[in-house]
Amino acid sequence: MSIAKAQTKERGGKRAIPGTPVFDGEAAARGYALNRMCYSFNDAANRAQFLEDEDGYCARFELTPEQREAVRNRDVLAMIAAGGNVYYLAKLAGIFGLNVQDVGAQQTGMSVDAFKQMLLDQAED
Amino acid sequence: MSIAKAQTKERGGKRAIPGTPVFDGEAAARGYALNRMCYSFNDAANRAQFLEDEDGYCARFELTPEQREAVRNRDVLAMIAAGGNVYYLAKLAGIFGLNVQDVGAQQTGMSVDAFKQMLLDQAED
Amino acid sequence: MAKIVGGILTSHVPAIGGAIARGQQNDPYWKPFFDGFKPVHKWLAAQQPDVAVMFYNDHGLNFFLDKMPTFAVGAADLYRNADEGWGLPVMQAVGGAQALSWHIIEHLVGAEFDITTCQSMLVDHAVMVPIQLCWPGAQPWPVKIVPIVINTVQHPLPSPARCLALGRAVGEALASWQGAERIVVLGTGGLSHQLDGERAGFINADYDRFCLDQIGPNPDAIAKDSALDIVELAGTQGVEVINWIAARGAMGADVRELSRNYHIPISNTAAATMLFETGSSLRAAA
Amino acid sequence: MAKIVGGILTSHVPAIGGAIARGQQNDPYWKPFFDGFKPVHKWLAAQQPDVAVMFYNDHGLNFFLDKMPTFAVGAADLYRNADEGWGLPVMQAVGGAQALSWHIIEHLVGAEFDITTCQSMLVDHAVMVPIQLCWPGAQPWPVKIVPIVINTVQHPLPSPARCLALGRAVGEALASWQGAERIVVLGTGGLSHQLDGERAGFINADYDRFCLDQIGPNPDAIAKDSALDIVELAGTQGVEVINWIAARGAMGADVRELSRNYHIPISNTAAATMLFETGSSLRAAA
Ligand SMILES: [Fe+3]
Ligand SMILES: [Fe+3]
């Protein structure tokens, strides 16, 4: 195959792919509380409880201060830095009414319209 | 190794070991409700609820009539025939105050004392 | 004797489920994707499979990090769908081909695949969206399923080569199944997309074309890369193509491509659909 | 560099936990079993391991049939014990060697073992009884653990040969771990016993002697039998000896037996304890 792989760097012996979180054991250990809270949002009653009392809900799941701050700021990159995994975070984003384009726009620093246009611009035909 | 294996028979293409339940997929599919109920007995509150209202508790876990009958009769071989697995059934036996010698005695048709003596008699020295 | 009639590979983007719920199949945004299923519908109507063996990844509905299997195989007689937290309607449950599940499990463990068996399991959009795409409006669903779940969430992921080997072992199990079922193999997920990080929105049409061209005749060419290679080439969620690789393995050595569709974008994803006839059905037709 | 100091193989019968809770170690019924730990205590006091890698089977505390892994590896920093339903006191939680867990997981998945990773996990008597036996009265427990769980509940079980291969792969991971820990390998369960069916109470001292004689110098001799062979030879729960086989694999090629104890009966079980010095510690002493 002729596709050249993007430049990768080693970081602490681990392969790093720019702009691309790899949810490995280290991230998972850091993020467990946050991901566990997000997993609970499969249940509508839990989503309602979170919306009613965000502080209490986050405290119940023992979020770290870094995780709590990231959730308070609806800051997806900070959630990922705190060990969040996007498969679980997507359920939290849903509570805030954010879809994956909104989340993508936030992470790339684009407007949502610009992010959507960027996606459309990748069409081949 | 010089140990001769006990005689085995084929039953429906599957290996049968006399007097020895093999908890395979067929047994597991048959026994799911009973095993699920028994798994719930890790929780003391559930054990108490079962003791308070055995009928209601069994109904809640949707035991099959065969399983319900076996539980009603405290009949371990019948529970196994209904798909029960001893790792889970042991938790139910615990509720009835039966230990593994009691359960062994019942299945082998011995008195508990005779079963215990049989175990002791297998000592080597 | 059971017969593997063919295979279907498709994206499973949740937004597709939303579009179906809203009846937007012919909207300009959606039509290029949904049109890709026309040959699939025609082929399914002719082939009438009874069972779908589905390779996919769970997205945090049935599995959490407390018990995250590399490979899981369902062994239930019914699989319920459930609320995933972002508003997709909950679909009708789908029946399980339970005896076939146990046959596959026996074969896989015998072949040294260390699977997790799931006698009760919720199935998410990665199962329900492809079923809706294949059998739109059908109630009850016309197939029973054997769900086979591959970890794409928690690294280390299984290597693509291991996924291909898993699929091939499933194919061996299907070939030795004595039931009369007509079996279709499904692989769901991909193609290139990335939801997270500063590279969110990444799509790699060149790599996707490579996958579309190779998955039929030469899946080993895709499977030779590591999972992290594919993360880099296809995006963090584009690695879901390992579900396609496993499904391709289960189709057997010889396949013939009957249709393909590729469209950018559906939501954040390069969406694709492929339909294959398998060697055994080719022989039957010959 | 980490060092594998040795290995301990022991039965984990729940009743042992009850005897410890009641302080019956010197009762005539129990003394022949507990005395087998005297050399283990002396050796542990000299070796001072920091980490125990424990191979065992769960008895329906952490795993149910909805998600039953063939092999599971813990990756938590703390493992709680809990009520199992038959009256054993709940023991103090034991710390997890979390970074080592992930190192092992990376190695195992890379070596094509399809493990389930468990970032939260309850540990049952198969962990807590051996820990109490090895470190009686110690609070907090002087070791952190890496729990590795093998399915002995739901057939098909992994083949004994696969369990030995798993253990050997864990041994490779330990050999490449760059931490400074002193590591002891534990395998718990067995020997021959059967709780269920008309053959309940079955014990096979001949087969147990074979296992005790071969597990050190020639574990492949035990691992060549199928899991069903071992069910027949050792009883339905005697098949827990596959935990011993895996643990033996993790000890490395060369071991020297330091002590052994075998006693019939403890509860329904032929109870046994073995202590091994490993090749690396032999070399260090030479
Ligand atoms: Fe997906
Ligand atoms: Fe046990």
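Placed above this text is the structure.
Each value, and the rule that gives it
Residues numbered from 1 in each chain as written. Chains lettered and ligands numbered in written order. Predicted model: local features only at pLDDT ≥ 70, side-chain atom pairs only at ≥ 80, totals over all residues. Heavy atoms only, no water. Helix = DSSP H or I, 4+ residues; strand = E, 2+ residues; numbered from the N terminus. Buried < 20%, exposed > 50% of the residue type's maximum accessible area, 1.4 Å probe, protein only. Areas by Shrake-Rupley, 256 points an atom, 1.4 Å probe, with all protein chains shown as cover. Salt bridge = Lys/Arg side-chain N within 4 Å of Asp/Glu carboxyl O. Contact = heavy atoms within 4.5 Å. Buried area = accessible area lost by both parts, 1.4 Å probe. Least-squares fit on C-alpha atoms with pLDDT ≥ 70 in both. Donors = N, O, S within 2.8 Å, 3.2 Å for Na, K, Ca; no water. Tetrahedral: all angles 85-135°; square planar, octahedral: opposite > 155°, others 65-115°. Phe/Tyr/Trp six-rings, centres within 6.5 Å; stacked < 30°, edge-to-face > 60°. Lys NZ or Arg CZ within 6 Å of the ring centre and 35° of its normal. Expected span 1.5 Å × (residues − 1). Core = buried A, V, L, I, M, F, W, Y, C linked by side-chain atoms within 4.5 Å. Pairing = 2+ DSSP bridges.

**Student:** Before we move on, could you go through the overall build of chain A and cite the residues and values that matter?
**Tutor:** Secondary structure summary: chain A contains eight helices and two strands in total. Residue burial in chain A is summarised as follows: out of 125 residues, 43% are buried. When the accessible surface of chain A is totalled, it reaches about 6,200 Å², and 50% of it is carbon and sulfur.

**Student:** How would you summarise the pattern of salt bridges if you had to cite specific residues and measurements?
**Tutor:** Within the structure shown, the criterion is met by 40 salt bridges over all chains. Between R72 of chain A and D55 of chain A there is a salt bridge, with the nearest N and O atoms lying 3.8 Å from each other. Taken together, the residues span a long stretch of sequence, with R72 of chain A in helix α4 (residues 65-72) and D55 of chain A in helix α3 (residues 54-60) at a distance of 17 residues. Judged by its relative accessible area of 49%, D55 of chain A falls in the partly exposed class. In this structure, R260 of chain D engages D213 of chain D in a salt bridge whose closest nitrogen and oxygen atoms are separated by 2.8 Å. On the criterion of sequence distance, the pair formed by R260 of chain D in strand β10 (residues 255-266) and D213 of chain D in helix α7 (residues 205-214) is long-range, its members being 47 residues apart. Assessed through its relative accessible area of 33%, R260 of chain D is described here as partly exposed. One network of salt bridges, in which partners are shared, links E54, D55, R68, E69, R72 and R74 of chain A.

**Student:** Tell me about the interface of chain A and chain C, and please be specific about residues and values.
**Tutor:** Listed as interface residues are 47 residues of chain A and, on the opposing side, 49 residues of chain C. Taken together, both faces of the contact between chain A and chain C bury some 4,100 Å²; the carbon and sulfur share is 59%. Across the pair D83 of chain C and R47 of chain A runs a salt bridge whose closest N-O atoms are separated by 2.8 Å. When residues of the side of chain A that touches chain C are traced back to their parent elements, those giving at least two are α1 (25-40), α2 (44-52), α5 (76-81), α6 (86-95), α7 (100-108) and α8 (112-121) of chain A.

**Student:** Which residues make up the relation of the copies chain C and chain D, and what are the values?
**Tutor:** When chain C is fitted onto chain D, the two copies agree to an RMSD of 0.0 Å after a turn of 180° and an axial shift of 0.0 Å. Seen this way, the second copy is the image of the first under a two-fold rotation axis. By C-alpha distance to the rotation axis, the residue of chain C lying nearest is D114 of chain C, at 2.4 Å. Most of the interface of chain C is mirrored in chain D: 100% of its interface residues are interface residues there too.

**Student:** Could you give me a rundown of the interface of chain C and chain D, with the residues and numbers involved?
**Tutor:** One widely used convention gives an interface's size as the accessible area the parts lose upon coming together. Contacts between the two partners involve 29 residues from chain C, matched on the other side by 29 residues from chain D. Carbon and sulfur atoms make up 48% of the area that chain C and chain D hide from each other, which totals about 2,500 Å². The three residues of chain C that bury the most area against chain D are K67, D114 and P156 of chain C, which together make up 28% of that side's buried surface. Put simply, D114 of chain D and R162 of chain C hold a salt bridge, and the shortest N to O gap is 2.6 Å. The set of elements that each furnish at least two residues to the side of chain C that touches chain D consists of β3 (68-69), α4 (98-110) and β7 (116-118) of chain C. Per-element tally for the side of chain C that touches chain D: the top contributor is α4 of chain C, with four residues.

**Student:** For the coordination of the iron ion (ligand 1), give the residues involved together with the corresponding values.
**Tutor:** In a perfect tetrahedron of four donors around a metal, the angles come out at 109.5 degrees. In a perfect octahedron of six, they are 90 or 180 degrees. Bound to the iron ion (ligand 1) are the protein donor atoms H12 of chain C (NE2), H59 of chain C (NE2), E240 of chain C (OE) and E240 of chain C (OE), situated 2.1 to 2.6 Å from the metal. Every donor counted, the four donor atoms about the iron ion (ligand 1) form angles of 53 to 139° at the centre, which fits irregular coordination.

**Student:** A description of the packing of aromatic side chains should follow, citing residues and the corresponding values.
**Tutor:** Using the criterion set out here, one finds 28 aromatic pairs over all chains in the structure. The ring of F202 of chain C carries the charged tip of R199 of chain C above its face, separated from the ring centre by 3.8 Å.

**Student:** Outline α4 of chain C, listing residues and values.
**Tutor:** Look at α4 of chain C: 18 Å from first C-alpha to last across 13 residues, which is about the 18 Å you get at 1.5 Å a residue. Of the residues one or two after α4 of chain C, E112 of chain C is the one with positive phi, at around 65°.

**Student:** Describe the nonpolar core, with residues and values.
**Tutor:** Membership of the largest hydrophobic core comes to 142 residues, with the highest contact counts inside it found for M37 of chain B, F55 of chain C together with I16 of chain D. Non-local contacts of M37 of chain B, meaning those with residues more than four positions away in its chain, are made with F50, Y57, C58, F61, L63 and V71 of chain B. Core analysis: the next-biggest nonpolar cluster, separate from the first, contains 141 residues, A33 and L34 of chain A, A105 of chain B together with V255 of chain D among them.

**Student:** Describe in detail the side chain of N35 of chain A, supporting the description with residues and values.
**Tutor:** Considering the arrangement of structural elements, one finds N35 of chain A in helix α1. Sequence-distant contacts of N35 of chain A, defined by excluding residues within four places in its chain, comprise F23, G83, G84, N85 and Y88 of chain A together with F64 and L65 of chain C.

**Student:** I'd love a proper account of the pairing of strand β4 (residues 71-74) of chain D, names of residues and values included.
**Tutor:** All names here are of chain D. Neither face of β4 is open: one carries F71 and V73, the other A72 and G74, and all of them are buried. Across three bridges, the pairing between β4 and strand β7 (residues 116-118) is parallel. Bridge pairing in β7 places A72 opposite T116.

**Student:** Go over the coordination of the iron ion (ligand 2), please, and point to the residues and values.
**Tutor:** Ligation of the iron ion (ligand 2) by protein atoms is provided by H12 of chain D (NE2), H59 of chain D (NE2), E240 of chain D (OE) and E240 of chain D (OE), these donors lying 2.1 to 2.6 Å from the ion. Note that the iron ion (ligand 2) binds four donor atoms; their angles at the metal cover 53 to 140°, and the shape is irregular.

Purely geometric numbers; function is a separate question.
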